Structures are given as C-alpha cells and as structure tokens.
Amino acid sequence: MVDTITSLAKDERTARVMLAMGSEPGDSMTGRLLRKIGATATVDLATSSRAVRGVDRVERELWQRRVASRLSAPLTRSILADGERLGLRVLIPGDDAWPVALADLGDHAPFALWTKGDATLLSASIRDRVTLTGARAATGYGDHVATELAFGLVQGRRQIVSGGAYGIDAAAHRAALAAQAPTIAVMPGGLDRLYPTGNQDLLERVGKSGLLVSELPPRTAPTKWRFLQRNRVLAALSGAVVVVEAGYRSSLIELSGDGYVPGEDVAVAVIVAHTDAAGTGRARALLESHLLGLSPTGEAILFGRISGTVALCQPGRDEP
C-alpha cells in the first residue's frame, strides 16, 4: 500500500520530521498545536479542515494553507532516506540525547533536531556548554580573544557551541579542535548543505570529533530568517553566551529580542573592540534593564550568573 501523509505521521518521529519540513523554525502556531494535540494530530490537522478548541479559525486556516502546501509523502520518504544515507540521527523530545533546555523556548522550540557526530554531547548539563559567537568580519583582536576564551573554556571542561560561520565562530571551533576537545556547531540549513561553504573542511572536522546540529531537514537551504532563528537555539543550548565584537546589529541583540531571552541562570557577556563605539553604546542600552556589572573599560558587559559566580570577560585593549 502506498504511504499517505496521514499513515506516515502515525509515527511520532516521522510526524515531527514532517512538521519541520512544513514549518519555518520557531513557528509558534506549529509549536502551540504540538503542545495541545501532539505531532501526529498536528500533521493530520494540517491536511484537514477540522477545528481545534482554543485556536482562532482564521489563524488556523492560514497555518493550514502554509503548512499543507509543503507536505508530501514522497518527499518525506526521500528526506528520511537522505538522513540515513548521510548518517544523520533525528532527535525528538524524550530521546536520551534531546537537550531538555530547549523546553525554555516554549512554543518556539525546535520540532526535531538532525545531528551528525556525538549526539550525547547534547545530554550534558547546560552548565557544561558555552556558546561563543560574534562578528563574521572579525578583527585580529576579535580572533585572538575568541581563541583565548575557547582554549580557557575547554581547559575548564566546558564544551564550545557556535554557529560555524566565518570570523569568531570559526576561531572558537578551531581553538576547541586544536585542544582536542569536542565542539558543537549549529547550522542554519540542512546538514547536507554545510554553510558557509568556505568552512566545509572545518565543519566536517567538527562533525567527526564533535557534533553538527540543525533543526532543519536535509535539502533545506539557509535563509536570513533561518539564520536569525538559529540564534535562539545557540542561546538555549548553553549556560552562558559570549558574543565577541558585537556591533550595532550584533547577534546578541537579535537573540535577546523577539526570540530567546536568557533566564536568570544564563550569563551573557558582550565583548566589543575598544574602537567600536556603536557596539558598546548599543550593548549598554540593551542591558539597562538587566545590568549586573560593567567592566571599567566598557569592553565587557554582563548579566546573569553561572553556578552563582558572575561570568566576567575583560580582555586587554591592545590588538595583538
């Protein structure tokens, strides 16, 4: 018998794969329905006209049109086959390796995660992971700071989480690999399309000794929206976020805006070059309602705590 969307969705894992195919990352309507009726029923709802108590009819119908147009039984089977061929593992809530901290994202949490490498890294305590990210067009100063921070963190038995991008992200991953420590890279597209292509070799090394992660299925290309939504996963996975050379439109600003706002147990430090007045001013404004401390030079801005200890990053002012 030929599989239909409904019959495929009877399996919770496959149903979540289909929702990841049909929805954009962070889709609150999909997340809300998942919470209310479960994955199988949510897929069924997308291809039917039935109502759900407590969900606005117009909102539901718009969501159904948007999601149903992207669902296909043959495509689902192909995506699942691609994952097997590439050696990917699909994680869903309830799996041993599923990072429970993602629950903090509420209705914006990922529907599933595709992983390549050691998925058990995600089951470690959130306090064992630090997200280290920042400018793509990093200066020598930024690269130096990111490298030193990453070395120090892995020596302190912390896992480095970053986004695999040029600049600060790449420096953080390289430092962890050089220290023979596993590192986690969160991708903005499918794991068959490692991005950026110029970091392909680096990302493949991360996948061999650490872990590649994406909430997007294979064949999914990175887009601006997916980059922005990736930030909420970067923040939620770790007990601390460090943004090096955060400019006026830094990823910390995006991550702390419409997406994930770190909780009281998450420390965030913003490190900007002393020549970046806009970055410093913007970071100051952002933290007015969260301010815990500010370094005398204005280079390290922080809020939140890790295990009761203020996380302070205060680099020197001179570029190497």
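The structure we're discussing is the one just above.
Residues numbered from 1 in each chain as written. Predicted model: local features only at pLDDT ≥ 70, side-chain atom pairs only at ≥ 80, totals over all residues. Heavy atoms only, no water.

(A) Just unusual backbone geometry, in detail. Note that the residue after Y195, namely P196, is joined by a cis bond; omega there is 5°. Mapped onto the secondary structure, P196 falls in the loop between β5 (183-186) and α9 (200-209). Here the phi dihedral of R157 falls at roughly 65°; this positive angle occurs in a residue that is not glycine. Assignment of secondary structure puts R157 in the loop between α7 (140-155) and β4 (159-162). Overall, R157 belongs to the exposed group, its relative accessible area being 73%. Look at R219: it is not a glycine, yet its phi comes out positive at around 80°. By secondary structure assignment, the location of R219 is in the loop between β6 (211-214) and α10 (224-236). Exposure remark for R219: the relative accessible area of 39% places this residue in the partly exposed category. (Helix = DSSP H or I, 4+ residues; strand = E, 2+ residues; numbered from the N terminus. Buried < 20%, exposed > 50% of the residue type's maximum accessible area, 1.4 Å probe, protein only.)

(B) Fine view of the packing of aromatic side chains. Summed over the entire model, instances satisfying the criterion amount to 1 aromatic pair. For the pair Y195 and F227, a centre-to-centre distance of 5.5 Å together with 65° between the ring planes defines the contact as edge-to-face. Taken as a pair, Y195 in the loop between β5 and α9 and F227 in helix α10 lie far apart in primary sequence, 32 residues in all. A relative accessible area of 38% means that Y195 is categorised as partly exposed. (Phe/Tyr/Trp six-rings, centres within 6.5 Å; stacked < 30°, edge-to-face > 60°.)

(C) Here's a closer look at the nonpolar core. Ranked by internal contacts, the top residues of the largest apolar core, which has 39 residues, are V43 and W114. Broken down by secondary-structure element, the contributors of at least two residues to this core are α1 (5-8), α2 (12-22), α3 (28-37), α4 (39-46), α5 (57-68), α6 (73-86), α8 (168-178) and α9. For this core, the element with the highest residue contribution is α2, accounting for 6 residues. Grouped together as the second largest cluster of nonpolar side chains are 19 residues, I184, V186, V233 and L237 included. (Core = buried A, V, L, I, M, F, W, Y, C linked by side-chain atoms within 4.5 Å.)

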